[in-house]
Amino acid sequence: MSLTRIPVALALLLGSGITLAADPDQAIRQSLTSLDASLPIEAIAESPMPGIYQVQLKGGRQLYTSADGQFLIQGYLFQVKDGQAVNLTEIEESRAVAKQINSIPAKEMVVFAPKAPKTHITVFTDTDCGYCQKLHSEVPELNRLGVEVRYLAFPRQGLNSPAAKELVNVWCAKDQQDAMNRAKTRQSVADATCDNPVAKQYQLGQMIGVNGTPAIVLANGKMIPGYQPAPQLAKIALESN
């Protein structure tokens, strides 16, 4: 090869490299879908860590990869800032969860709200869950403290369980609040059918990582697994705004 042709060859090689580097989205998608064709990739973007890309899955979960998709990291990414370790993964996951949860129309939830709510929590609930019943008994206190309580359905034993049927009865009742109150105090709820969101909400809960009830999602998308006493929960909820 003559000297005059070397720069041309290098230019072609570099040009090829630039093209590949400029489109890591495709390389990452190809690599990840080769592992699991059903992987629910929502978005791919550069992460705050140079050379690493973050992959957001539906439901908010995050993965990290190299630009070519050949290296995969599952776990938390922290940034050391002002002497503190900031969990960037948790922040991004919470932001994605908040976006999904807060976009749910109020008419698809069973809502207990004070006159002037200061914040809200969204609770994935099951009517026959003891701690769900305990939390529900404290809804008036949460309302008094300025916290709106929004319920989503999550039948722990699946969509064919008796609890799932009872949740459908609650969502299809003419008075949903009364039906929820009855269900949470182990009183019977009249059978009812309608076009209801119980299955959709159950699937959403699974997607964002709910594996038990009550699962409480704050306004900022952070999830609190399990029951919290009303004063403590209200404090956390108000601080999450």
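From a predicted model like this one, the values you see are computed outputs, not experimental measurements. Numbering of residues starts from 1 in each chain and follows the order in which that chain's sequence is written. Under the rules for a predicted model, residues below a pLDDT of 70 receive no local features and side-chain atom pairs below 80 are neither given nor counted, while totals for whole chains, interfaces and linings still include all residues. Just so you know, side-chain values use all the structure's heavy atoms and leave hydrogens and water out.

### Let's talk about the pairing of strand 10 (residues 215-218)
Put simply, side chains in a regular strand alternate between the two faces of the sheet. Here strand 10 shows a buried face lined by A215 and V217 and a second buried face lined by I216 and L218. A strand pair is defined by DSSP finding two or more bridges across the two strands. The way it works is that DSSP assigns letters per residue, a run of H or I at least four long becomes a helix, a run of E at least two long becomes a strand, and they are numbered from the N terminus. The hairpin turn running from strand 10 into strand 11 (residues 223-225), its antiparallel successor, is four residues long, and G221 in that turn takes a positive phi close to 90 degrees. We call a residue buried when its accessible area falls under 20% of the maximum for its residue type, exposed when it is over 50%, and partly exposed in between, using a 1.4 Å probe and counting protein chains only.

### Digging into the packing of aromatic side chains
Two rings from Phe, Tyr or Trp (for Trp, the six-membered ring) form a pair when their centres are within 6.5 Å of each other. A pair whose planes differ by under 30 degrees is stacked, one over 60 is edge-to-face, and the rest are tilted. For the structure shown, the criterion picks out five aromatic pairs. Ring geometry for F112 versus Y151: centroids 6.0 Å apart, planes at 85 degrees, classification edge-to-face. Of this pair, F112 sits in strand 7 (residues 110-112) while Y151 sits in strand 9 (residues 147-153); the two residues are 39 residues apart in sequence, bridging distant segments of the chain. Accessibility assignment for this pair places F112 and Y151 in one class, buried. An angle of 45 degrees between the planes, with centres 4.9 Å apart, marks the rings of F154 and Y202 as tilted. You can see F154 sitting in the loop between strand 9 and helix 6 (162-172) and its partner Y202 sitting in helix 8 (residues 198-208), a full 48 residues away along the chain.

### Topic: the state of the cysteines
Cysteine sulfur pairs qualify as disulfides if the two atoms are within 2.5 Å. Taken as a whole and judged by the stated rule, the model has one disulfide. Here C172 engages in a disulfide with C194; their sulfurs sit 2.0 Å apart. One disulfide, between C172 and C194, carries an S-S torsion of -85 degrees and so falls in the left-handed class. Pair noted here: C172 is in helix 6 and C194 is in the loop between helix 7 (176-184) and helix 8, with a separation of 22 residues, a long-range link. Here C194 falls in the partly exposed class, since its relative accessible area comes to 35%.

### So, the sheet that holds strand 9
What links the strands of a sheet is backbone hydrogen bonding, and the strands pair in either a parallel or an antiparallel sense. Strands sit in the order 7-9-8-10-11 across an open sheet of five strands; the sheet is mixed. Sheet topology places strand 7 and strand 11 at the edges, where each strand pairs with a single neighbour. Each adjacent strand pair in this sheet contributes to an overall mean axis angle of 20 degrees, direction not counted. Pairing analysis gives three bridges linking strand 10 to strand 11, with the strands arranged antiparallel. By the bridge assignment for strand 11, A215 is matched with P225. Should any heavy atoms of two residues lie within 4.5 Å, those residues are considered in contact. Structural elements are reduced to axes, namely lines fitted to C-alpha atoms, with helices fitted over the stretch in contact, and the angle between N-to-C directions of any two is expressed from 0 to 180 degrees. Running at roughly 90 degrees to strand 7, helix 7 makes contact with strand 7, strand 8 (119-125) and strand 9 of the sheet. Of the strands in this sheet, strand 8, strand 9, strand 10 and strand 11 touch helix 9 (residues 230-239), which is tilted by about 120 degrees from strand 8.

### Quick word on the nonpolar core
We call a set of buried Ala, Val, Leu, Ile, Met, Phe, Trp, Tyr and Cys residues a nonpolar core when their side-chain atoms join them within 4.5 Å. Ranked by size, the top nonpolar core spans 30 residues in total, and within it I121, L142, Y151 and W171 carry the most contacts. Those elements that place two or more of their residues in this core are strand 7, strand 8, helix 5 (139-144), strand 9, helix 6, helix 7, strand 10 and helix 9. In terms of residue count, the dominant contributor to this core is helix 6 (five residues). When sequence neighbours within four positions are dropped, the list of residues in contact with I121 reads L142, V147, E148, V149, R150, I216, V217, L218, L233 and A237. Counting 13 residues, the second-largest nonpolar core is a separate cluster that includes V97, F124, V210 and V217.

### Quick word on the environment of A106
Here A106 shows up in the loop between helix 3 (88-101) and strand 7. In sequence terms A106 and Y64 are 42 residues apart; their C-alpha atoms lie 34 Å from each other.

### Quick look at the packing of helix 6 against helix 7
Two packed helices can be described by the angle between their axes and the distance between those axes. Relative orientation of the contacting elements helix 6 and helix 7 amounts to 150 degrees, with a least axis distance of 7 Å. Our classification of the angle between helix 6 and helix 7 gives roughly antiparallel. The segment helix 6 lies against helix 7, with E166, V170 and W171 engaging Q176, A179, M180 and A183. Residues that form the contact of helix 6 with helix 7 fall into these classes: five nonpolar, one polar and one charged. Small angles under 35 degrees read as roughly parallel and large ones over 145 as roughly antiparallel, with 65 to 115 read as roughly perpendicular and the rest as oblique. Throughout this entry, Asp, Glu, Lys and Arg are counted as charged residues, while Ala, Val, Leu, Ile, Met, Phe, Trp, Tyr, Cys and Pro are counted as nonpolar. The remaining residues, Gly among them, count as polar.

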